[in-house]
Amino acid sequence: QVQLVESGGGLVQPGGSLRLSCLSSESIFSFTAMGWYRRAPGKERELVARITTAGATNYADSVKGRFTISKDNAKNTVYLQMNSLKPDDTAVYYCNAKPPLGWGPLDYWGPGTQVTVSS
């Protein structure tokens, strides 16, 4: 069973930075892609950033230029560097891993980590 555990969340002032980490119990190159999603209060879950096995990335328009997703295959870890944080970034952030089709569940999820941006 795949387990994903997020860390690095917390309280930060507007304009500050945080780096989130997601540790996978499986080799991250077992997955076709990994990503970060978030759910803000009263809003639907949205994709924040995604990275493929080959390293291709994509981002939500709201975070382009501020957030960077990266990975360390040797550490089975994916990161989300968040700069210039805004109050609207406040949300629970979830790590996601997508296995190849037919190899199990469509998605694996971590339990989430809270990010709060407030003065």
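None of the values given here were measured: they were computed from a predicted structure.

J.: I would appreciate a short explanation of the nonpolar core in the present structure.
T.: In globular proteins that are soluble, nonpolar side chains generally tend to be buried together. The biggest cluster of nonpolar side chains holds 29 residues, and the ones touching the most others in it are Met 34, Trp 36, Leu 80, Met 82 and Tyr 93. Elements that contribute at least two residues to this core include exactly strand S3 (18-24), strand S4 (33-39), strand S5 (46-52), strand S7 (67-72), strand S8 (77-82), strand S9 (91-98) and strand S11 (113-117). At four residues, the largest contribution of residues to this core is made by S9. What Tyr 93 contacts, discounting residues up to four positions off in sequence, is Glu 6, Leu 20, Trp 36, Tyr 37, Arg 38, Val 48, Phe 67, Leu 80, Met 82, Gly 112, Thr 113 and Val 115.

J.: Could you clarify how one ought to interpret empty space enclosed by the protein in this entry?
T.: Using a probe with the size of a water molecule, rolled over the atoms, empty space left in the structure can be pinpointed. One pass over the structure, following the stated rule, counts one cavity of 30 Å³ or more. Approximately 40 Å³ is the volume found for the largest cavity. Together, Ile 28, Phe 31, Thr 32, Ala 33, Met 34, Ile 51, Thr 52, Thr 53 and Lys 71 line the largest cavity. Elements that contribute at least two residues to the lining of the largest cavity include exactly S4 and S5. Of the residues in the lining of the largest cavity, the class split is five nonpolar, three polar and one charged.

J.: What is the right way to read the environment of Phe 31 from this model?
T.: Residue placement: Phe 31 occurs in the loop between S3 and S4. Judged by relative accessible area, Phe 31 falls into the buried class, the value being 4%. When the C-alpha positions of Phe 31 and Tyr 108 are compared, they lie 10.0 Å apart, and in sequence the two are 77 residues distant. The residues contacting Phe 31, other than those within four sequence positions of it, are Val 2, Ser 24, Glu 26, Thr 53, Ala 97, Lys 98, Pro 99 and Tyr 108.

J.: Hey, could you run me through the sheet that holds strand S1 (residues 4-7) in this one?
T.: Whenever strands of a sheet pair, they do so through backbone hydrogen bonds, lying parallel or antiparallel. Pairing is antiparallel across the open sheet formed by four strands, whose spatial order is S1-S3-S8-S7. Two strands in the sheet have a free side with no partner beyond their single neighbour: S1 and S7. Each strand of the sheet is rotated relative to its neighbour by a mean of 15°, with strand direction disregarded. By the bridge criterion, six bridges tie S3 to S8 in an arrangement that is antiparallel. In the strand pairing of S8, Leu 20 is matched with Leu 80.

About the thresholds
- Residues numbered from 1 in each chain as written.
- Predicted model: local features only at pLDDT ≥ 70, side-chain atom pairs only at ≥ 80, totals over all residues.
- Heavy atoms only, no water.
- Core = buried A, V, L, I, M, F, W, Y, C linked by side-chain atoms within 4.5 Å.
- Buried < 20%, exposed > 50% of the residue type's maximum accessible area, 1.4 Å probe, protein only.
- Helix = DSSP H or I, 4+ residues; strand = E, 2+ residues; numbered from the N terminus.
- Contact = heavy atoms within 4.5 Å.
- 1 Å grid on protein atoms, 1.4 Å probe; cavity = no way out; pocket = protein on both sides within 12 Å on 5 of 7 lines; lining within 4 Å.
- Points joined across faces, edges and corners; volume = space filled by probe spheres on them.
- Nonpolar A, V, L, I, M, F, W, Y, C, P; charged D, E, K, R; others polar.
- Pairing = 2+ DSSP bridges.
- Axes fitted to C-alpha atoms, helices over the stretch in contact; angles between N-to-C directions.

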